[in-house]
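Here is how the chains run, residue by residue.
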Amino acid sequence: MTAMTVNERPVDFDMDPDTPLLHALRDAANLTGTKYGCGVGDCGACMVLVDGEALRSCLVTIGEAEGRFITTIEGLSRDRSHPVQQALVAEQAIQCGFCTPGIAIAAASLLRGNPDPIEAQIREAIPNLCRCGVYPRLVRAVQRAARVGSRRERISAAPAPGIDPQDAARAVPGMRAEGADPQGGTSD
Ligand code: FES
Ligand code: FES
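The residue count restarts for each chain, going from 1 along the sequence in the order it is written. Both sets of labels track the order of writing: A upward for chains, 1 upward for ligands. Side-chain atom pairs in this predicted model are given and counted only at pLDDT of 80 or more, local residue features only at pLDDT of at least 70, and totals for whole chains, interfaces and linings cover all residues.

The protein goes by (2Fe-2S)-binding protein in an unreviewed UniProt entry, where it is assigned to Aurantiacibacter zhengii.

The structure is reproduced here in structure tokens:
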């Protein structure tokens, strides 16, 4: 068993310690918000927070993650209320959305350490690839998230209609709330 904390819940993975964290999260814990893009560390679609640092989960084994605190996009906020999530939506910085979870994780990590980054710092801290080319909007979104995070601005946008978090949780068990089926998705 390889133990770690995923989205604030203890998880034991009964898997080979060399298994990439990406696959453990997606295939065993059912946390499919973390995306498999390239699998070799190039795209950033698989980024998760490991002890607060945005890392490519395709390059981290569960053995390396043992004992650490993992946050996936499902754990960033339960209702898409994190400033980064709000700003990405408000700035329409989401096209197909495949890259978005990794970008949100990278942006959240950046803002945690630098609450008011300039454009160059955003581009450097978020090297994620986006085939849809949202880069200019992405910069605006992160700057807006910084304003929201420091309470200089408020985004009142509600979740998009028809995508109630409870509905999403029915399709993605990994999003289930406390007390329901194992959100942390222990695999045994
Ligand atoms: S899937 Fe990990 S960097 Fe592309
Ligand atoms: S929004 Fe489509 S890959 Fe980025």
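### Looking at helix α4 (residues 83-90)
The buried fraction of α4 amounts to six of the eight residues, a majority that puts the element mostly inside the structure. Comment: burial labels come from other C-beta atoms within 10 Å of the residue's own C-beta, placed from the backbone, where a count of 20 or more is buried, 12 or fewer is exposed, and between is partly exposed. Counting from the N terminus, the helices are the DSSP runs of H or I reaching at least four residues and the strands are the DSSP runs of E reaching at least two. If you check which residues of α4 are buried, you get Pro 83, Val 84, Gln 85, Gln 86, Ala 87 and Leu 88. Here, residues touch in the contact sense if the C-beta positions derived from the backbone fall within 7 Å of one another. Residues of α4 that are buried in the fold lie against α3 (73-76), α5 (100-113) and α7 (135-149). Immediately downstream of α4, the backbone of Gln 92 shows phi near 55°, a positive value.

### Considering the sheet that holds strand β4 (residues 53-56)
At least two DSSP bridges between two strands are required for those strands to pair. Strands sit in the order β2-β1-β5-β3-β4 across an open sheet of five strands; the sheet is mixed. The open sheet is flanked by β2 (9-13) and β4, the only strands paired with a single partner. Strand-to-strand, the axes of this sheet are offset by a mean angle of 40°, without reference to chain direction. Sheet topology places strand β3 (residues 47-50) next to β4; four bridges connect them, and they run antiparallel. Within β4, the residue paired with Val 50 across the bridge is Glu 53. Across the sheet, α5 is in contact with β3 and β4; its angle to β3 comes to roughly 35°. For helices, the fitted axis covers only the stretch in contact; all axes are lines through C-alpha atoms, and the angles between them, taken along N-to-C directions, range from 0 to 180 degrees.

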